[in-house]
Amino acid sequence: MKKLILIAFFIFAAAALFAQAGLKKGDVAPAFTAVDNHGKTLNLKSLLKTNKSVVLFFYRGQWCPYCNKHIQQLQDSLQLLTGKGAYVVGVTPETRENLDKTVGKTHASFSMVSDKGYAIMKAYDVNYVMDPAMVTKYKGYGIDLEANNGNTDHMLPVPATYVIGKDGKLVYVHFDKDYRKRASIQTLLSVL
């Protein structure tokens, strides 16, 4: 009996871990207000009044080479994206100081937000807590999430990308738990 209960517990725990799927195309995008790295207050509803769409993406931190590459690709294609009426916003759990390091590495000129309390990450269902073994492994690589994010909870986002249409609904969703896979610029441009 104890074995069955233990097996059921592990199945339930695994199902809960893999159940997270983020928001879906057609969902209403959760509203948010945040201050970006330029000191500008961003309000999703206001952004949608002045732009055709918002490209909202989540990244893990300045220490992540896949994040930096994706941010550089967005920056390199920024004129194409904004030319189609999009406003680009990056969201991260890292501290403002580390967000500035990301900007320095990637030369990103679009809005970047430090989501200190994870309000945006949680609203878009992209937040997850790294298990202790992975935190230890990252520390072995010289990645200190506690110093990078300014806390001890080890929360990161799934590096998701959402395109939010003028009506406030999600017109495109890229949600992949494999942090190496990102929304391509070509796909974003085709959606816009």
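Quick caveat, the model's predicted, so the values are computed rather than measured.

Criteria and cut-off values
Residues numbered from 1 in each chain as written. Predicted model: local features only at pLDDT ≥ 70, side-chain atom pairs only at ≥ 80, totals over all residues. Heavy atoms only, no water. Core = buried A, V, L, I, M, F, W, Y, C linked by side-chain atoms within 4.5 Å. Buried < 20%, exposed > 50% of the residue type's maximum accessible area, 1.4 Å probe, protein only. Helix = DSSP H or I, 4+ residues; strand = E, 2+ residues; numbered from the N terminus. Contact = heavy atoms within 4.5 Å. Pairing = 2+ DSSP bridges. pLDDT = per-residue confidence, 0-100.

Digging into the nonpolar core
Okay, so step 1: With 28 residues, the main nonpolar core has Phe57, Phe110, Met112 and Leu188 as its most contacted residues.
Okay, so step 2: At the level of secondary structure, the elements contributing two or more residues to this core comprise strand E3 (53–58), helix H3 (65–76), helix H4 (78–83), strand E4 (86–92), helix H7 (132–140) and helix H9 (185–191).
Okay, so step 3: Apart from residues lying up to four places away in sequence, phenylalanine 110 is in contact with Asn37, His38, Phe57, Ile71, Leu74, Gln75, Leu78 and Val88.
Okay, so step 4: Within the second largest apolar cluster, 27 residues are counted, among which are Ala34, Tyr87, Tyr162 and Leu170.

Topic: the pairing of E3
Okay, so step 1: The buried fraction of E3 is high, at six of six residues.
Okay, so step 2: The alternating pattern of E3 places Ser53, Val55 and Phe57 and Val54, Leu56 and Phe58 on opposite faces, both of which are buried.
Okay, so step 3: The sheet contact formed by E3 and E4 spans six bridges and is parallel. Each bridged residue has a counterpart across the sheet, and for leucine 56 the counterpart in E4 is valine 89.
Okay, so step 4: The sheet contact formed by E3 and strand E8 (residues 161–165) spans five bridges and is antiparallel. Of the residues in E8, the one forming a bridge with valine 55 is valine 163.

Section: the confidence of the model for the protein chain
Okay, so step 1: Confidence in the prediction of the protein chain, expressed as mean pLDDT, is 90, and 90% of residues score 70 or more.
Okay, so step 2: Here residues 1–18 is modelled with pLDDT under 50, and outside its nearest four sequence neighbours on either side it reaches two contacts, counting other chains as well.

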